[in-house]
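Each chain, letter by letter, is given below.
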Amino acid sequence: MLTDYHTHLRPDDTAATAEEFFTERNVVRYVDAAAARGIGDLGFSEHVYRFRQALEIWSHPFWEENATDDLDAYCEFVERMKAAGHPVKLGLEVDFVPGREDAIRALIEERPWDYVIGSVHFIADRAVDHEGYDAWRDSDPDSVWSEYFATLGAAAGSGLFDIVAHPDLVKVWGRGRPGPSRPLGDFYALAIEGIARSDVAIEVSTAGLRKPVGEIYPSRELLELCLEVGCPVALSSDAHVPEDLGFGYDSARDYLRDAGVTEIAVFRGRRRERAPLG
Ligand SMILES: [Zn+2]
Ligand SMILES: [Zn+2]
């Protein structure tokens, strides 16, 4: 089995509207691309901040600018695609906002997800992966890395999510940002307690291969720490166009097998099972 659960039906810009991309024709493009690449389980996980309901969680200017769509219309759309026989699953990528756990829980509850992915893009009000709100500006790299992994651990430990996304996203810029001065394991340690305490799957994402860092998320060292505490692995590409579905999966498969991973997590209705890695 190969999965691709962390995917988006459209690029990350406000010009990519729901009207244009939440269509059966677009879904068929994804379904066909997944089938051609041997991906047996495909799901969509739109960014929570593209939906008006997200403003009940956070009112960051970036969210205010992006929150134009209706979350229930998205859920109904994907459910309609399922009912029409398209082999797709309903997910959501939700930014963890510390202190807003109740609001996040309220948004997740009562909606028919197959899985919910938690991610950390922001630390306080600045982003590790968005130049417009650059977390590195006037900050020392050790603080950025510490805050990032502390927030990731809190996200994992919150119990809100089924999968924790791109676990070391903080490395996204590669040499484009100054690295931390201490060994990376010092920073990973800040997240591992939260990851161990929860029953969350860790995402292995090939998105990093398409970014300046040019590496899979997470690093081998962080992956091994997660495996040691019993985390299942969820495999995804974070594609925003059908052409990127299953991107770099040959590398990912080698990477996982080399780390001793023989099973991956599959989800339905927020219940998790393990399937042999295909
Ligand atoms: Zn993300
Ligand atoms: Zn994503």
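Details of the structure are given in the entry above.
The notes below deal with the structure included here.

Criteria and cut-off values
Residues numbered from 1 in each chain as written. Chains lettered and ligands numbered in written order. Predicted model: local features only at pLDDT ≥ 70, side-chain atom pairs only at ≥ 80, totals over all residues. Heavy atoms only, no water. Buried < 20%, exposed > 50% of the residue type's maximum accessible area, 1.4 Å probe, protein only. Helix = DSSP H or I, 4+ residues; strand = E, 2+ residues; numbered from the N terminus. Arc of directions from axis to C-beta. Contact = heavy atoms within 4.5 Å. Donors = N, O, S within 2.8 Å, 3.2 Å for Na, K, Ca; no water. Tetrahedral: all angles 85-135°; square planar, octahedral: opposite > 155°, others 65-115°. Axes fitted to C-alpha atoms, helices over the stretch in contact; angles between N-to-C directions. Parallel < 35°, antiparallel > 145°, perpendicular 65-115°, else oblique. Left-handed = near helix turned anticlockwise from the far one by under 90°. Nonpolar A, V, L, I, M, F, W, Y, C, P; charged D, E, K, R; others polar. Pairing = 2+ DSSP bridges.

### Some words on helix α9 (residues 249-258)
Those residues of α9 that fall on the buried side of the exposure criterion are Tyr 249, Ala 252, Tyr 255 and Leu 256. Projection of α9 onto a plane perpendicular to its axis shows the buried side chains occupying an angular sector of 115 degrees, all on one side. Opposite its buried face, α9 presents the exposed residues Asp 250, Asp 254 and Asp 258, each directed more than 90 degrees away. Structurally, α9 contributes buried residues whose contacts are with β1 (3-4), β8 (201-205), α8 (220-228) and β9 (233-236). The first or second residue beyond α9 is Gly 260, which carries a positive phi of 85 degrees.

### So, the side chain of His 47
Residue placement: His 47 occurs in strand β2 (residues 41-47). Those residues within four positions of His 47 in sequence are excluded, and the remaining contacts are His 8, Asp 12, Glu 93, His 121 and His 240.

### Structural notes on the coordination of the zinc ion (ligand 2)
In an ideal tetrahedron of four donors about a metal, each angle is 109.5 degrees. In an ideal octahedron of six donors, the angles are 90 or 180 degrees. Distances from the zinc ion (ligand 2) to its protein donors, His 6 (NE2), His 8 (NE2), Glu 93 (OE) and Asp 238 (OD), fall at 2.1 to 2.4 Å. Relative to the metal, the 4 donor atoms surrounding the zinc ion (ligand 2) lie at angles of 82 to 163 degrees, and the coordination shape comes out irregular. Of note, the donors binding the zinc ion (ligand 2) are all from one chain and are spaced H-x1-H-x84-E-x144-D. Here the zinc ion (ligand 2) and the zinc ion (ligand 1) are spaced 3.5 Å apart, and both take Glu 93 as a donor.

### Structural notes on the packing of helix α6 (residues 141-157) against helix α7 (residues 184-197)
For the pair α6 and α7, the least separation of the axes is 6 Å and the interaxial angle reads 10 degrees. The angle between α6 and α7 places the two elements in the roughly parallel class. Remark: the crossing between α6 and α7 carries right-handed chirality. For the pair α6 and α7, contact is made by Asp 142, Trp 145, Ser 146, Phe 149, Ala 150, Leu 152, Gly 153, Ala 156 and Gly 157 and by Leu 184, Phe 187, Tyr 188, Leu 190, Ala 191, Gly 194, Ile 195 and Arg 197, respectively. The class makeup of the residues in the contact of α6 with α7 is 11 nonpolar, 4 polar and 2 charged.

### Some thoughts on the sheet that holds β1
An order of β1-β2-β3-β4-β7-β8-β9 is seen for the 7 strands of this open sheet, with the pairing classed as parallel. In this open sheet, the two strands that pair with only one neighbour each are β1 and β9. By the bridge criterion, 4 bridges tie β8 to β9 in an arrangement that is parallel. What sits directly across from Ile 202, in β9, is Val 233. The strands that helix α4 (residues 71-83) touches are β2 and β3 (88-95); relative to β3, the one it contacts most, it runs at about 155 degrees.

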